[in-house]
Amino acid sequence: MAGHTESSGGRLLIISGPSGVGKSTLTNAMLDRLGDRARLSISHTTRPRRPGDRDGEHYTFVDRAAFEAGLAEGAFLEHAEVYGNLYGTPREPVERWIAEGRVVVLEIDQAGAEKVKGKLPDATGVFILPPSEEALLQRLRSRGQDAEDVIQRRYGRAKDEIASAKAGGVYNFFVVNDDFDRALGELVAIAEGGRSATLAR
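As the structure is a prediction and not an experimental result, all values here were calculated from the model. Residue numbering note: each chain is counted from 1, following its sequence as written. The predicted nature of this model means local features are confined to residues of pLDDT at least 70 and side-chain atom pairs, given and counted, to a pLDDT of 80 or more, with totals for whole chains, interfaces and linings taken over all residues. Water and hydrogen atoms play no part in the side-chain values, which are based on all heavy atoms of the structure.

### A few points about the pairing of strand S7 (residues 103–107)
Point 1. Between buried and exposed lies partly exposed: a residue is buried under 20% and exposed over 50% of the maximum accessible area for its type, with that area taken using a 1.4 Å probe on protein chains only. Helix and strand definitions here come from DSSP, where helices need a minimum of 4 consecutive H or I residues and strands a minimum of 2 consecutive E residues; each element is numbered from the N-terminal end. Buried residues dominate S7, accounting for 4 of its 5 residues.
Point 2. Strands were regarded as paired on the criterion that DSSP finds at least two bridges between them. Inspection of the sheet shows strand S1 (residues 11–16) paired to S7 by 5 bridges, in the parallel sense. Of the residues in S7, the one forming a bridge with arginine 11 is valine 103.

### Thoughts on the side chain of serine 43
Point 1. With respect to the element layout, serine 43 can be found in the loop between strand S2 (38–40) and strand S3 (44–45).
Point 2. Residue classification places serine 43 among the buried residues on the basis of a relative accessible area of 16%.
Point 3. Only heavy atoms matter for contacts: two residues are in contact if any of them lie within 4.5 Å across the pair. For serine 43, the residues in contact, after removing those within four places along its chain, are Tyr59, Thr60, Gly88, Thr89 and Pro90.

### As for the confidence of the model for the protein
Point 1. The pLDDT averaged across the protein works out to 90; a share of 92% of its residues lies at or above 70.
Point 2. One number per residue, pLDDT, summarises how confident the predictor is, and it ranges from 0 to 100. A low-confidence stretch, residues 1–7 stays under pLDDT 50, and its non-local contacts, those more than four residues away or across chains, total 13 contacts.
Point 3. In the predicted structure, residues 195–201 sits below a pLDDT of 50 and forms 18 contacts with residues beyond four places in sequence or in another chain.

### Here we look at the packing of helix H6 (residues 133–142) against helix H7 (residues 148–167)
Point 1. Across the interface, H6 lies against H7 with an axial gap of 10 Å and an inter-helix angle of 145 degrees. The crossing of H6 and H7 is right-handed. Across the interface between the two elements, Glu133, Glu134, Leu136, Leu137, Leu140 and Arg141 of H6 pack against Glu148, Ile151, Gln152, Arg154, Tyr155, Ala158, Lys159 and Ile162 of H7.
Point 2. Basically, the charged four are Asp, Glu, Lys and Arg, the nonpolar ten are Ala, Val, Leu, Ile, Met, Phe, Trp, Tyr, Cys and Pro, and anything else, Gly included, counts as polar. In the contact of H6 with H7, the residues fall into 7 nonpolar, 1 polar and 6 charged. With axes taken as lines fitted to C-alpha atoms, and helix axes fitted only over the stretch in contact, angles between N-to-C directions fall between 0 and 180 degrees. Whether a crossing is left-handed or right-handed is set by the direction in which the near helix is turned from the far one by less than a right angle, anticlockwise for left-handed and clockwise for right-handed.

Printed below as a string of structure tokens:
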């Protein structure tokens, strides 16, 4: 696999970050900027479709039997069960796009990032940070969707995620989302630059 990435110019970019940090907005803007050179990996899931979900765009929706058959065949780079639903990153399209020389983007959590990096150590990990803890709390509150106790739980979890990301060896780059255009420019430069001296081997 490493040979593929070196010879093709393709690469795998893992993007993670706590809830409320703006990682999905940044990721989508980066994909728009890169155009046909990049592909976003779409996770498979057994969770029921919600209103507005489009199969193959947000997720690829499969039943549990199909997902478990894929697991048995080694079809996923990583998977997890969350609230009784299975989620996984399909291996085949990721490897095919890298072989084609594209930047393949996975927007996944730290646990998933660790699993993928374990299998594909040439992957570049990027963790999106808030400008400050106070700014993150303000962003979580500004959504207006959750009660204060839920916000505080998410805030506590986000602080733990940030500390864990900084202490672990999964992420090669930390991008602070204080100024959106600057953060986007950094993310695009990382995607286009490929390897760095800090990349795990």
